[in-house]
Structure formats: structure tokens, C-alpha cells
Amino acid sequence: MTLSRATVDEPIVGLTNLLGLDEAGMVGFVESLGQKRFRARQLLKWLYHNDVRQFDDMTDLSKAFRASLREKAEVRLPTVEHAHISTDGTCKWLFKVDGANAVETVFIPTDDRGTLCVSSQVGCALDCSFCATARQGFNRNLSTAEIVAQVYLAAELLRTEAYQQVGFRRITNIVMMGMGEPLANFRNLVPALNLMLDDNAWGLSKRRVTVSTSGIVPAIDRLRESVDCSLAVSLHAPDDDLRNELVPINRKYPIKDLMDACQRYVSRDHKTHIMFEYVMLAGVNDKPEHARALAKLVKSVPCKVNMIPFNPFPGSGYTVSSEDTINRFWDVLNRHRIRALKRRTRGDDIDAACGQLAGDVTDKSRRAAKFVEPRYGETRP
Ligand code: SAH
């Protein structure tokens, strides 16, 4: 029997979705079925090394064990509500996680790497002034299985022929930069990160797994104590007045506290650095004096600054800084010996760019639309 339940919308009551279990969780689960703990590692390898999610194909498990898995467990993936491939190869999916909720997952390929941008919540409560997801409000946290399943399903889809033209199709990097604030969903996030990092599962290096946060200071400390992964911090402003306006969580955790937490985060590993994200908003945070203040602020923390062009959406009230302004900002940082990257927008023809992920979700009329076959752009860069 195959796991035909794997793509149903609603959980089958009483079945454990194995995608929600990291190694420790899997050990507990197999032991609850009367199995030895090494079975957990076997299961993980079938799922994540061999990409097999049908219990009957897991040939080194006994028939009795497979029967009890069928009875107690499932490997449930979300359904694909919408799939789109950009002219630059960026893939955007709308994954339906239950009858009422969907999240976006984006794959960004280059010549030698594939970055998957994963959502942690349906909507977001943090209300950053320039972010489209914020407009949607907060619906709910994703479960561990729903976070992990985005990676699992994206990888599975990318292996299919429909995605041949994407070019690079392997997931080499994962960034928790989709919808939601990952550190506000800490409990479900950690086992998902464990699976991304665990050699028995995806086994990505800690430099290739990045949590992006708007700056929930106590959770940054908890993350440092719980998981060894990379950290990106959405800074966006060099002083509290401006940051209070752009990233309201700053009123609770002001810049000084945030910087101290960043300092503590990097102190455990001298080779690590923080990625500070800085969205370029015309006339708001993009003046040379902002760049100077930013350089002064971050210079004591090993870091890179990632300058993200603002991706406009209707009613945002902001526009993106001009190329000249972005270049000038970069020059100032560079003069102060701060490493800074001018990020290109990817997938903007399909609204897959940062902060636009909620576009289709909020628009309920479009959301009701059926599954759209992947569409390929005419040209590739
Ligand atoms: N909540 C987390 C992760 C999700 S957002 C965080 O705040 O870090 C991922 C990144 O996209 C963040 O740096 C966020 O500030 C940025 N972003 C949000 N809306 C954007 C927009 N319209 N244009 C450019 N970047 C945006």
C-alpha cells in the first residue's frame, strides 16, 4: 500500500506526521511503537537521503514495523495551490497547509546554488511598515511538519521534469525569510532546523541554514543556545527613532539590546558573522548620514550588510531607492570597511521577491484560483 494520504489537506486524526519529528522526536516515536531507537535513523534516511516517503518502499524495515507505521504515521505534504517559474528561474509556490491557510515558498537558483526561502507562520504579527505580509495580519504558527514539508515538497517538485528548465535544481541553502517571524514560532522552528542540519536528514552546513529575525532579543539568545545555524537580523534603520517606525518590535527590544544579542550570538564561534538586512527605502533610510550611522553601529559586530531593494506593493507608501543612492550608500559603508552586498531582486516578475509573498494570499479571489501549471519565461539571463 502506498501513502496516498500524503497530500490530503487535513491531518488524519491520530496519525503522526513524520516530517514533524527531528531525530530525538523520531526516537521517541519508534520507541512508542516498541521498536529499537536505531530505527529512527533508518526512517530519517529513507525520508531525507533516499527521498522515499512510502512506508512499503522502506525495504529494510520489517513487515510488522511497516504495518504499524501505516497504522500510526503518515508523511503528509501540503497541496500545491499555485506554482510559478520566473524568467530568471526563481520558482514560487503557494502551498496550502489546511482548508483556510496557504503559505509561500520560493526557490532561487544561481549557477552553483539553490536557496529555498521558507515560511514560518501564516501571516505575521510584527507589522513592519514596508512588508506585505504584515498587511495580512497574523493567522497562525506553522507546525514543525509544515515548515519541513515546504522543503520536502519543493525538493520533490524540483526533481520532476516540469522544472527541468530551472537550471540548478538542488536545495543547497535554506533561509527562514518567507512569511512570518521564525523566532516567534520558536518551539516549532527548532526541530525543523535540526532536520535541516542533521547528517541523518538534509545535513546542510550551519552556514547554509539561516534564520532571519526582526529582532526578538530573548529568542536570539535561546536560538544560540539551541541550534548552531546562521543568523540574519532585519535592521533597516541605524537609530531607534527610525527603527521604531519601520520595525515596531524595536520599541520592545531597542537597537542597543539587539546589538548586544548579536554580539553574544557571534561570540560562540569566531568564524561566524551576522547578516544585517537593510531594505532601501527612498528618502527614508537611504541617506549618506544613515550609512555613516549604520557603519558606526555595526562595526563592532562581525557582519555583512545585505542591502535589499525595497519591493513595492500597492498602498505601501514607499518607493525603492535609486541605483545611484544605493551605490552611494554602499560606498559609505565600504569606506568604513563594512562589507556590504547590493542584492539584486529575483523573481520580481512573479512577485516572489522579499516582502511580496503575501500578495496572492491576501487576495482571496485569486487565491480561490486552481492550481496553475508552471509557466516558463521566454528568456533566461
Ligand atoms: N520576519 C523575519 C523574516 C521574514 S522577512 C524578518 O523580519 O527578518 C525577510 C526579509 O525581507 C526581512 O529582512 C524583511 O524585512 C524583508 N522585507 C519585507 N518586506 C520587504 C519589501 N517589501 N521589500 C524588501 N524587503 C522586504
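The shown structure was predicted, so the numbers you read here are calculated from the model rather than taken from an experiment.

A. A look at the side chain of Asn 285. Following the sequence through the fold, Asn 285 ends up in the loop between β12 (274–280) and α10 (288–298). At 2.8 Å, the side chain of Asn 285 forms a polar contact with the backbone oxygen of His 236. Within the local environment of Asn 285, its side chain forms a polar contact with the backbone nitrogen of Leu 281, the two atoms lying 3.0 Å apart.

B. Examining the site of the ligand more closely. In the vicinity of the ligand lie 21 residues, with Phe 130, Ser 212, Ser 234, His 236 and Asn 311 positioned nearest. Contact distances for the ligand include 3.4 Å between an oxygen atom and a backbone N or O atom of Thr 213. Interatomic distance of 2.6 Å between a side-chain N/O atom of Ser 234 and an oxygen atom of the ligand. When isolated, the ligand has an accessible area of 530 Å², and the protein chains bury 96% of it. Of all the elements in the fold, those that place two or more residues in the shell around the ligand are β10 (209–213), β12 and β13 (303–309).

C. Highlighting the sheet that holds strand β11 (residues 230–234). Within the open sheet, the 10 strands sit side by side as β3-β4-β5-β6-β9-β10-β11-β12-β13-β14. Their pairing is mixed. At either end of the open sheet lies a strand with only one pairing partner, and these are β3 (79–85) and β14 (340–342). Between one strand axis and the next, the sheet turns through 20° on average, direction left out of account. Sheet topology note: the β13/β14 ladder contains three bridges and is parallel. Directly across from Met 307, in β14, lies its bridge partner Lys 342.

D. Examining a negative patch on the surface more closely. Together, Asp 239, Asp 240, Asp 241, Glu 245 and Asp 257 make up a negatively charged patch on the protein surface. Mapped onto the elements, Asp 239 comes out in the loop between β11 and α8 (240–246).

E. Broad picture of the pattern of salt bridges. One pass over the structure, following the stated rule, counts 16 salt bridges. Residues Asp 228 and Lys 206 are paired through a salt bridge, measuring 3.3 Å at the closest nitrogen-oxygen approach. Taken together, the residues span a long stretch of sequence, with Asp 228 in the loop between α7 (217–226) and β11 and Lys 206 in the loop between α6 (186–197) and β10 at a distance of 22 residues. A relative accessible area of 37% places Asp 228 in the partly exposed class. In this structure, Asp 260 engages Lys 256 in a salt bridge whose closest nitrogen and oxygen atoms are separated by 2.8 Å. A residue pair is termed a helical-turn pair when its members lie 3 or 4 positions apart in one helix, as Asp 260 and Lys 256 do in helix α9 (residues 255–267) at four residues.

F. Structural context of the packing of α10 against helix α11 (residues 323–335). Orientation of α10 relative to α11, taken along the N-to-C sense of each, is 30°, at an axis distance of 9 Å. Considering their axes alone, α10 and α11 lie roughly parallel with respect to each other. α10 and α11 meet at a crossing whose hand is right-handed. Contact residues: Pro 288, His 290, Ala 291, Arg 292, Leu 294 and Ala 295 in α10; Phe 329, Val 332 and Leu 333 in α11.

G. Structural context of the packing of aromatic side chains. Applying the stated criterion across every chain, the model contains eight aromatic pairs. On the basis of an interplanar angle of 50° and a centroid distance of 5.9 Å, the ring pair of Trp 93 and Tyr 163 is categorised as tilted. With Trp 93 in strand β4 (residues 91–96) and Tyr 163 in the loop between α5 (144–158) and β9 (173–176), this residue pair connects regions lying 70 residues apart in the sequence. Both residues of the pair, Trp 93 and Tyr 163, belong to the buried class.

H. The pairing of β12, seen in detail. Buried residues dominate β12, accounting for seven of its seven residues. Pairing analysis gives four bridges linking β11 to β12, with the strands arranged parallel. The residue of β12 that forms the bridge with Ala 232 is Met 275. Here β12 pairs with β13 via seven bridges, running parallel. Bridged to Phe 276 within β13 is Val 305. With respect to chirality, the unit in which β12 leads through α10 into the neighbouring parallel β13 is right-handed.

I. Seen up close, the pairing of β10. With five of five residues buried, β10 lies mostly within the body of the structure. Both faces of β10 are covered, namely the face carrying Val 209, Val 211 and Thr 213 and the face carrying Thr 210 and Ser 212. Across three bridges, β9 lies against β10 in parallel orientation. Across the sheet, the residue bridging to Met 176 is Val 211, located in β10. In this fold, the crossover linking β9 to β10 by way of α6 has right-handed handedness. Judged from the four bridges that link them, β10 and β11 form a sheet pairing that is parallel. Residue pairing for β11: Thr 213 is matched across the bridge by Val 233. Following the backbone out of β10, through α7 and into the adjacent parallel β11, one traces a crossover that is right-handed.

J. View of the nonpolar core. In this structure, Trp 93 and Phe 276 are the most contacted members of the largest nonpolar core, which totals 118 residues. Tallying contributions element by element places α5 first for this core, with 11 residues. Here this core gathers at least three residues from each of two domains, domain 1 (2–6 + 15–74) and domain 2 (79–350). With six residues, the next largest nonpolar core counts Val 175, Met 177, Ala 232 and Met 275 among its residues.

What counts, and where the lines are drawn
Residues numbered from 1 in each chain as written. Predicted model: local features only at pLDDT ≥ 70, side-chain atom pairs only at ≥ 80, totals over all residues. Heavy atoms only, no water. Helix = DSSP H or I, 4+ residues; strand = E, 2+ residues; numbered from the N terminus. Polar contact = N/O pair within 3.5 Å; in protein donor to acceptor, adjacent residues only side chain to side chain. Near = heavy atom within 4 Å. Areas by Shrake-Rupley, 256 points an atom, 1.4 Å probe, with all protein chains shown as cover. Pairing = 2+ DSSP bridges. Axes fitted to C-alpha atoms, helices over the stretch in contact; angles between N-to-C directions. Patch = residues over 30% accessible without salt bridge, like charges linked within 9 Å, V, L, I, M, F, W, Y side chains within 5 Å. Salt bridge = Lys/Arg side-chain N within 4 Å of Asp/Glu carboxyl O. Lys, Arg positive; Asp, Glu negative; His and termini not counted. Charge placed at Lys NZ, Arg CZ, Asp CG, Glu CD. Buried < 20%, exposed > 50% of the residue type's maximum accessible area, 1.4 Å probe, protein only. Parallel < 35°, antiparallel > 145°, perpendicular 65-115°, else oblique. Left-handed = near helix turned anticlockwise from the far one by under 90°. Contact = heavy atoms within 4.5 Å. Phe/Tyr/Trp six-rings, centres within 6.5 Å; stacked < 30°, edge-to-face > 60°. Right-handed = clockwise from strand over helix to strand, strands pointing away. Core = buried A, V, L, I, M, F, W, Y, C linked by side-chain atoms within 4.5 Å. Domains from an automatic or database assignment.

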